[in-house]
Amino acid sequence: LSTAVEFSIGLAGFSGIVAAMNRSARWTELERYRVVNLLQAALTPAFLSFLGMGMSHYYQGDPRAWEMACLGGGLVAIAFVARVFHGKSKLSADDVKGLRQGIMYSLTLSITVLGILQLIAVGGVFATHTFLLFYAGITLYMLTGAILFGVAIFRSRNVMAKQES
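First, a word on what this report is: a plain description of the structure on this page.

Criteria and cut-off values
- Residues numbered from 1 in each chain as written.
- Predicted model: local features only at pLDDT ≥ 70, side-chain atom pairs only at ≥ 80, totals over all residues.
- Heavy atoms only, no water.
- Helix = DSSP H or I, 4+ residues; strand = E, 2+ residues; numbered from the N terminus.
- Buried < 20%, exposed > 50% of the residue type's maximum accessible area, 1.4 Å probe, protein only.
- Contact = heavy atoms within 4.5 Å.
- Areas by Shrake-Rupley, 256 points an atom, 1.4 Å probe, with all protein chains shown as cover.
- Salt bridge = Lys/Arg side-chain N within 4 Å of Asp/Glu carboxyl O.
- Patch = residues over 30% accessible without salt bridge, like charges linked within 9 Å, V, L, I, M, F, W, Y side chains within 5 Å.
- Axes fitted to C-alpha atoms, helices over the stretch in contact; angles between N-to-C directions.
- Parallel < 35°, antiparallel > 145°, perpendicular 65-115°, else oblique.
- Left-handed = near helix turned anticlockwise from the far one by under 90°.
- Nonpolar A, V, L, I, M, F, W, Y, C, P; charged D, E, K, R; others polar.
- Expected span 1.5 Å × (residues − 1).
- Arc of directions from axis to C-beta.

1. Section: the overall build of the protein chain
Logical step 1: Within the protein chain one finds six helices and zero strands.
Logical step 2: The helix and strand sequence of the protein chain, counted from the amino end, reads α-α-α-α-α-α.
Logical step 3: Burial statistics for the protein chain: of 165 residues in total, 39% are counted as buried.
Logical step 4: Residue pairs at least 24 apart in sequence account for 78% of intrachain contacts in the protein chain once pairs closer than 6 positions are excluded.
Logical step 5: Split by element, the accessible area of the protein chain, about 9,000 Å² in all, is 68% carbon and sulfur.

What follows is the structure, given as structure tokens:
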């Protein structure tokens, strides 16, 4: 879990660099939306890792530790997806056309399914596999952050190339 924290913080730091590379003086609503999603995906694994470490310390060896961590993971997944769609609802029709919606929908669907599975795990349904389910959630957020980071890097290059032309 501590490695997930380190990865998460590092990705958030690099996300700040990508955001700083955007040379425009004022960000558009779409750029703000992308940066917030990227930072949310980058910092969520750190939050969940701290939650998991806290639960494992509090419950020390009790399987309920990972059930409670899955409860937190499921609630975070709901909040994550709600924030993504709430932010999208504020965008203009032209901005929505500029989104890579295939990527967005695949990632949010994956997070939603995993969040539901984590909430189901609270009832002890997955017994010995709750830690793996919790850790899969952290890994999915790291993957989401890495994908959004890659999209931001390629987008920044395109923007810089257009500005130079």
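Next comes the rest of the description.
2. Quick notes on the pattern of salt bridges
Logical step 1: Within this structure, the stated rule accounts for two salt bridges.
Logical step 2: Between R32 and E29 there is a salt bridge; the shortest N-O distance is 3.2 Å. Taken together, the positions of R32 and E29, both in helix α2 (residues 29-59) and three residues apart, correspond to about one turn of that helix.
Logical step 3: Put simply, R64 and D62 hold a salt bridge, and the shortest N to O gap is 2.7 Å.
Logical step 4: Judged by relative accessible area, D62 falls into the partly exposed class, the value being 23%.

3. Re a nonpolar patch on the surface
Logical step 1: The grouping of I9, L39 and L43 at the surface amounts to a nonpolar patch, some 230 Å² of accessible area in total.
Logical step 2: Residue position: L43 is located in helix α2.
Logical step 3: Taking relative accessible area as the criterion, L43 reaches 39% and is therefore assigned partly exposed.

4. Overview of the packing of α2 against helix α3 (residues 64-89)
Each pair of packed helices gets described by two things: the angle between the helix axes and the distance between those axes.
Logical step 1: Taken N-terminus to C-terminus, the directions of α2 and α3 make an angle of 165°; their axes are 9 Å apart at the nearest point. Put simply, α2 runs roughly antiparallel to α3. Along this stretch, α2 crosses α3, giving a crossing that reads as right-handed.
Logical step 2: Of the residues belonging to the contact of α2 with α3, the class tally is 16 nonpolar, eight polar and three charged.

5. Side note on helix α5 (residues 101-121)
Logical step 1: The end-to-end C-alpha distance of α5 is 30 Å, a good match for the 30 Å that 21 residues give at a rise of 1.5 Å each.
Logical step 2: Along α5, the positions that sit buried rather than exposed are M104, L107, T108, I111, L114, G115, Q118 and A121. Along the long axis of α5, the arc covered by the buried residues comes to 135°, so they all point the same way.

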